[in-house]
Amino acid sequence: SLSLQVKPSPRQFTFDHVADAAVSQEEMFQVAGEKLTESCLAGYHCALIAYGQTGSGKTFSMQGPEAAVSEGAGALSTASDRGMIPRVMAHVFARMEKDVAG
């Protein structure tokens, strides 16, 4: 948790997870994307938002490297550094296949 001494009274914020710059795309998906996707598939309203300063990596975090995005769907499905969006979509389609198969 984080405490800020602000007026008129101190504020405390808690975090489910804090990631450093060395975290992998896969780790971030396991921490945030997978649980959020499962909640969405269970019928809850969900949003995954990337917020930050210009140039801080929001697009990379959400889509992955430019090469993976521009090389087409095959690259997105196999790239180890693909972003949150292709990972979420792959998870959704995998769940659909699993549910159809029984």
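Before reading on, note that the structure itself is shown above.
Worth saying up front: this structure is predicted, and the values here are computed from it rather than measured.

Undergrad: Mind laying out the pattern of salt bridges, listing which residues take part and the relevant values?
TA: Overall, the coordinates contain three salt bridges when judged by the stated rule. A salt bridge links Glu-26 to Arg-87; the nearest nitrogen and oxygen atoms lie 2.5 Å apart. Of the two residues, Glu-26 sits in helix 1 (residues 25-41) while Arg-87 sits in helix 5 (residues 84-101), which places them 61 residues apart along the sequence. Looking at Glu-26, the relative accessible area reads 32%, which means it is partly exposed. What you see here is one network of salt bridges that share partners, running through Glu-38, Arg-95 and Asp-99.

Undergrad: Explain the layout of surface pockets residue by residue, including any values.
TA: If you add up the space inside the largest pocket, you get close to 630 Å³. If you go around the largest pocket, you meet 23 residues; those closest to its centre are Ala-19, Val-23, Met-28, Gly-57 and Ser-61. If you list the elements that add at least two residues to the lining of the largest pocket, you get helix 1 and helix 2 (58-63). Taken together, the residues that form the lining of the largest pocket break down as 14 nonpolar, seven polar and two charged. As a volume, the second largest pocket reaches approximately 170 Å³. Along the walls of the second largest pocket sit 13 residues, with Leu-36, Thr-37, Cys-40, Leu-48 and Val-88 positioned nearest its centre. Those elements that place two or more of their residues in the lining of the second largest pocket are helix 1 and helix 5. It is helix 1 that contributes the most residues to the lining of the second largest pocket, five residues altogether. Of the residues that constitute the lining of the second largest pocket, the class distribution is 11 nonpolar, two polar and no charged.

Definitions and limits used
- Residues numbered from 1 in each chain as written.
- Predicted model: local features only at pLDDT ≥ 70, side-chain atom pairs only at ≥ 80, totals over all residues.
- Heavy atoms only, no water.
- Salt bridge = Lys/Arg side-chain N within 4 Å of Asp/Glu carboxyl O.
- Helix = DSSP H or I, 4+ residues; strand = E, 2+ residues; numbered from the N terminus.
- Buried < 20%, exposed > 50% of the residue type's maximum accessible area, 1.4 Å probe, protein only.
- 1 Å grid on protein atoms, 1.4 Å probe; cavity = no way out; pocket = protein on both sides within 12 Å on 5 of 7 lines; lining within 4 Å.
- Points joined across faces, edges and corners; volume = space filled by probe spheres on them.
- Nonpolar A, V, L, I, M, F, W, Y, C, P; charged D, E, K, R; others polar.

By themselves, these observations are geometric and do not establish any function.
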